[in-house]
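Examining the three-dimensional arrangement
Now for the letters of each chain:
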Amino acid sequence: MGATRLRLLEGAPTTYEPLLSWVEEVAELTQPDRIHWVDGSEAEYRKLTDELVAAGTLTRLNPDLFPNSFAAFSDPADVARVEEQTFICSRNERDAGFTNNWMEPSEMKTKLKGLFSGSMRGRTMYVIPFVMGHLDAEDPKFGVEISDSAYVVASMRIMARIGTDVLKKIEETNAFFVPALHSVGAPLEPGQADVPWPCNPEKWIVHFPEERSIWSYGSGYGGNALLGKKCYALRIASVMARDEGWLAEHMLILKLTSPEKKVYNVAAAFPSACGKTNLALLDPTIEGWKVETLGDDITWMRFGKEGELRAVNPEAGLFGVAPGTGWGTNPNAMRAIAKGNSIFTNVALTDDGGVWWEGMTEEVPEHLTDWQGNEWTPEAGRPAAHPNSRFCTPIDQIDMLAPEYFAPNGVEVHAILFGGRRKTTIPLVTQSRTWANGIFMGATLSSETTAAAAGAVGVVRRDPMAMLPFIGYDAGDYLNHWVRLSAKGNAARLPKIFLVNWFRRTKDGGFAWPGFGDNSRVLKWAIERIEGAADAVETPIGFVPTPESLDLDGLDMTPEQVEEAVHFDADEWRAEVPGLEEWFARFGGSLPLSLTNELEGLKKRLG
Ligand code: GTP
Ligand code: SPV
Ligand code: MN
């Protein structure tokens, strides 16, 4: 180590110059009191969580109920991703596209340097080496997050592969790593007491796609702060994927085994808080079909040697929406959570030191401490847990985890579902007419906004491939990349594409379809379509099930009710067309021609 190296770097567990010089540069800018190199060990986790409990950031849960588990309560203004403050700072504005906020990179750097200047004063700067995907993948995707939040370190240990092994491999292979800088933006003056959830009212989540770097300021929450997740594994990775010929997608991936023991892997893109984790951990309500989990939020896909599309889950944990996750709706998630080793954020506390959220149990507890620390009873008239409260749990605690999760080359994808949250118009399931028609379904996907992002909830917006907040470049280029890349696959082995909607409403306002475990009936129909075994009605939008072709065995629904869930409504679709035209117009010239043709074809078929 050079004599001029910063004192804080003494004892660093690496001699890897690209890393040392970046850490030094950041330390000089942010002025932390000390640097901690994260090794990812059990002992380190114990020490960090003990410190977080002492600081009041974490509450230790009753170990008889949730062993080695903690609850965190955020600042009430730091509860979700902040899309308005998320930027893609490519050199040219055009490359960020109309779906992203943009600022000229050097202007943004100047602004960020001002904010980060001294931002870690009084705090520890943690250096977290991590890899998204497998350490022994052919081309492992490394990152190093620097953060001044121990909560981030503890959460990153659950969500990604981190620590000494990763650092060693980076050094040994002289690897590139994505520098991912995070500060809560709350420096401490000498003697100043800390708060349980430090953060800053001003938040910036910034990506520099050409240099593949991330700067995140002001928030300690989820996708804003655990930089391996949305910032790297989607926004930066989507740019890498464009340049290297693969796909980084906001998809779950599950392994489905039929009664004949045939295996089908299904990837599904739904926007945030629209059912990925629930589908990935589905407990089928039909006989003989088995579901195993491969991933619940992010899927990386590339073509294999035979032109088959292969998928891996780059994450190591679940960061799941708590409300609605219950013993009735998602027992597999509940069993994984009950094993402990979890961090809950913004849930409610029970009087016996456990956690609770809306939908966890049918019976509502008589007394709770709500996510803001207030007394709560069922009469309170407000939710006890924040609608975007989350559980953070190691993925290998899922009993139904597919062994292929551990395979660096992943699995072949046989079907892709695109889905959103729509009260009307979109039937329960529609099979695309062709691959191009399937890409059109993805490109025009729409959904009501949810609590997963700050802002209004329930507003319908277009969300291409459920990637609207996560495409790291121009959205038209992104759709072109899908079209061009898939042309390189083996056409006979391309997955079949389906559009689904678990959230259609009846005239009375209730859900038209029971959802959750009963979604296995839709999966079965999709597989039988692939095998040419299930009937369908051809409609202008694609193929929808005939009433007889869906397995409704044991389901308490009248034929009229089923019809309400599955039917194609020509009037609703004619009313949808102007919105589709408006959406496509926003792409300017960058939309693939095949998609323009798809829209023309749809209009013709609708008459
Ligand atoms: P992110 O982690 O934000 O990306 O969300 P996600 O897509 O994984 O969504 P998740 O599975 O956590 O579900 C979000 C909400 O939708 C929860 O409150 C679920 O209870 C609810 N939900 C999931 N699946 C269904 C379904 O089939 N029907 C109905 N009605 N609700 C569902
Ligand atoms: C999402 O919003 O899609 C999530 C949660 O999965 S977060 O990690 O906050 O992005
Ligand atoms: Mn998500």
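Anything mentioned here points back to the structure above.
This is a predicted model, so every value here is computed, not measured.

With antiparallel pairing, 4 strands are arranged side by side in an open sheet as E20-E19-E21-E22. Across the chains shown, the open sheet's two edge strands, defined by having one partner strand only, are strand E20 (355-356) and strand E22 (375-376). Here strand E19 (residues 348-350) pairs with strand E21 (residues 368-369) via 2 bridges, running antiparallel. In the sheet register, Thr 350 faces E21, and the bridge partner there is Leu 368.

With that settled, the discussion passes to the coordination of the manganese ion (ligand 3). Protein-derived ligands of the manganese ion (ligand 3) are Lys 230 (NZ), His 250 (NE2) and Asp 297 (OD), with the metal-ligand distances lying across 2.1 to 2.6 Å. One can describe the site at the manganese ion (ligand 3) as irregular: its 6 donor atoms subtend angles covering 64 to 173° at the metal. Of note, the manganese ion (ligand 3) draws all its donor residues from one chain, in the sequence arrangement K-x19-H-x46-D. In this pair, Lys 230 sits in helix H7 (residues 228-244) while Asp 297 sits in the loop between strand E14 (290-295) and strand E15 (299-303), placing the two residues 67 residues apart along the sequence. One exposure class covers both Lys 230 and Asp 297, and it is buried.

Residues in contact with ligand 2, as listed here, are Arg 81, Gly 222, Gly 223, Lys 229, Lys 230, His 250, Ser 272, Asp 297, Phe 319, Arg 390, Ala 452 and Phe 470. Taking Arg 81, its side chain carries an N or O atom lying 2.9 Å from an oxygen atom of ligand 2. Asp 297 has a polar side-chain atom sitting 3.4 Å from an oxygen atom of ligand 2. Contact with the protein chains removes 99% of the 280 Å² of surface that ligand 2 exposes when unbound. Where the shell around ligand 2 is concerned, the elements lending two or more residues are helix H6 (222-225) and H7.

This part takes up the nonpolar core. Counting 165 residues, the largest nonpolar core has Trp 357, Ile 416, Phe 418 and Trp 482 as its most contacted members. If you tally residues by element for this core, the top one is H7, at 9 residues. Residues contacting Ile 416, with those up to four places away along its chain left out, are Met 251, Ala 267, Leu 309, Trp 435, Trp 482, Pro 495, Lys 496, Ile 497 and Phe 498. If you look at the next biggest cluster of nonpolar residues, it comprises 36 residues, including Phe 87, Val 144, Leu 167 and Phe 208.

The first and last C-alpha atoms of helix H12 (residues 519-530) sit 17 Å apart over 12 residues, in line with the 16 Å expected at 1.5 Å per residue. Where burial is concerned, most of H12 is hidden: 10 out of the 12 residues are buried. When we look at burial in H12, the residues that qualify are Asn 519, Ser 520, Arg 521, Val 522, Leu 523, Lys 524, Trp 525, Ala 526, Ile 527 and Arg 529. Gly 532 sits one or two residues past H12 and shows a positive phi near 75°.

Located in the positive-phi region is Gln 31, a residue other than glycine, with phi close to 60°. The topology assignment puts Gln 31 in the loop between helix H1 (17-30) and strand E1 (34-37). Residue classification places Gln 31 among the partly exposed positions, given a relative accessible area of 38%. The phi dihedral of Lys 261 falls on the positive side, at around 70°, and the residue is not glycine. Looking at the secondary structure, you find Lys 261 in the loop between strand E12 (251-257) and strand E13 (263-269). Taking relative accessible area as the criterion, Lys 261 reaches 65% and is therefore assigned exposed.

What counts, and at which threshold
Within every chain, residues take consecutive numbers counted from 1 along the sequence as written. Chains and ligands are labelled sequentially in the order written, the chains with letters from A and the ligands with numbers from 1. This being a predicted model, a pLDDT of at least 70 is required before a residue's local features are given, and a value of 80 or more before pairs of side-chain atoms are given or counted; all residues contribute to the totals for chains, interfaces and linings. Derived side-chain values reflect all non-hydrogen atoms in the structure, with water molecules and hydrogen atoms excluded from consideration. When DSSP finds two or more bridges between two strands, those strands count as paired. Only runs of H or I of at least four residues qualify as helices and only runs of E of at least two qualify as strands under DSSP, and these elements are numbered from the N terminus. With water omitted from the atoms examined, metal sites may look incomplete; donors here are N, O and S atoms no farther than 2.8 Å from the metal, or 3.2 Å in the case of Na, K and Ca. In this scheme the shape depends on donor count and angles: four donors with every angle between 85 and 135 degrees give tetrahedral, four or six donors with opposite pairs above 155 degrees and others between 65 and 115 give square planar or octahedral in turn, and any other case is irregular. Summary of the burial criterion: residues with accessible area below 20% of their type's maximum are buried, those above 50% are exposed, and those between are partly exposed, where the area comes from a 1.4 Å probe applied to protein chains only. Only a single heavy atom is needed: when it lies within 4 Å of a molecule or strand, its residue is near that molecule or strand. Distance and chemistry together define a polar contact, namely a pair of N or O atoms within 3.5 Å, with one atom able to donate a hydrogen and the other to accept it when in protein, and with adjacent residues in sequence counting only for side-chain atoms on both sides. Computed with the Shrake-Rupley method and a 1.4 Å probe, the accessible areas treat only the protein chains shown as cover for residues. Note on terminology: a nonpolar core comprises buried Ala, Val, Leu, Ile, Met, Phe, Trp, Tyr and Cys residues joined through side-chain atoms within 4.5 Å. Contact criterion: two residues are considered in contact whenever any of their non-hydrogen atoms come within 4.5 Å of each other. Take the residue count of a helix, subtract one, and multiply by 1.5 Å to get its expected span.

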